[in-house]
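A look at the structure
This is what each chain is made of:
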Amino acid sequence: MKNLLHIRLTESLTPQAQAIIATQKRDPTVSVEVMSLTTENAPAVLEKIFAAESICVWPAPGQTS
């Protein structure tokens, strides 16, 4: 089973991010986890990063890179 990790930088996700995550969660061949990154849970998020096969980081709504 493929392990996917989505890291939120804020509490809310954009509609596009929500749609992508919902689609991935419907796939029975993948495990999808969504975590919010905070200073308190940074070590746990780091462990999840090393265990994941795919990682996506979602910025704040309206923020562009």
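Residues numbered from 1 in each chain as written. Predicted model: local features only at pLDDT ≥ 70, side-chain atom pairs only at ≥ 80, totals over all residues. Heavy atoms only, no water.

Each helix and strand in the chain was counted, giving two helices and three strands. Listing each helix as α and each strand as β along the chain from the N terminus yields β-α-β-α-β. The C-alpha atoms of the chain give a radius of gyration of 12 Å, which matches the 11 Å a tight globule of 65 residues would have. C-alpha atoms of the chain, sized along the principal axes, occupy 30 × 30 × 20 Å. The burial tally for the chain puts 25% of its 65 residues in the buried class. Nonlocal contacts in the chain, meaning residues at least 24 apart in sequence, comprise 79% of its contacts between residues at least 6 apart. Entry remark: accessible area of the chain is about 4500 Å², with carbon and sulfur atoms responsible for 57%. Across the chain, 5 positive and 6 negative side-chain charges occur, with their mean positions spaced 8 Å apart. (Helix = DSSP H or I, 4+ residues; strand = E, 2+ residues; numbered from the N terminus. Rg over C-alpha atoms; globule rule 2.2 N^0.38 Å. Buried < 20%, exposed > 50% of the residue type's maximum accessible area, 1.4 Å probe, protein only. Contact = heavy atoms within 4.5 Å. Areas by Shrake-Rupley, 256 points an atom, 1.4 Å probe, with all protein chains shown as cover. Lys, Arg positive; Asp, Glu negative; His and termini not counted. Charge placed at Lys NZ, Arg CZ, Asp CG, Glu CD.)

Turning next to the sheet that holds strand β2 (residues 30-36). Read from one edge of the open sheet, three strands run β2-β1-β3, paired in parallel fashion. Every other strand in the sheet has two partners, leaving β2 and β3 (54-58) as the edge strands with one partner each. Neighbour-to-neighbour, the strand axes of this sheet turn through a mean angle of 15°, independent of strand direction. Here strand β1 (residues 2-8) runs beside β3; their pairing, made up of five bridges, is parallel. Bridge pairing links Arg8 to Trp58 in β3. Of the strands in this sheet, β1, β2 and β3 are in contact with helix α1 (residues 15-25), which crosses β2 at around 145°. (Pairing = 2+ DSSP bridges. Axes fitted to C-alpha atoms, helices over the stretch in contact; angles between N-to-C directions.)

What follows covers the pattern of salt bridges. This structure, assessed with the given rule, holds two salt bridges. Residue Arg8 is joined to Glu11 by a salt bridge in which the shortest nitrogen-to-oxygen separation is 3.7 Å. On the basis of relative accessible area, Glu11 is assigned to the exposed category, the value being 63%. The residue Lys48 makes a salt bridge to Glu33 at a minimum N-O spacing of 3.3 Å. Here Lys48, found in helix α2 (residues 42-51), pairs with Glu33, found in strand β2; they are 15 residues apart in sequence, far enough to count as distant. (Salt bridge = Lys/Arg side-chain N within 4 Å of Asp/Glu carboxyl O.)

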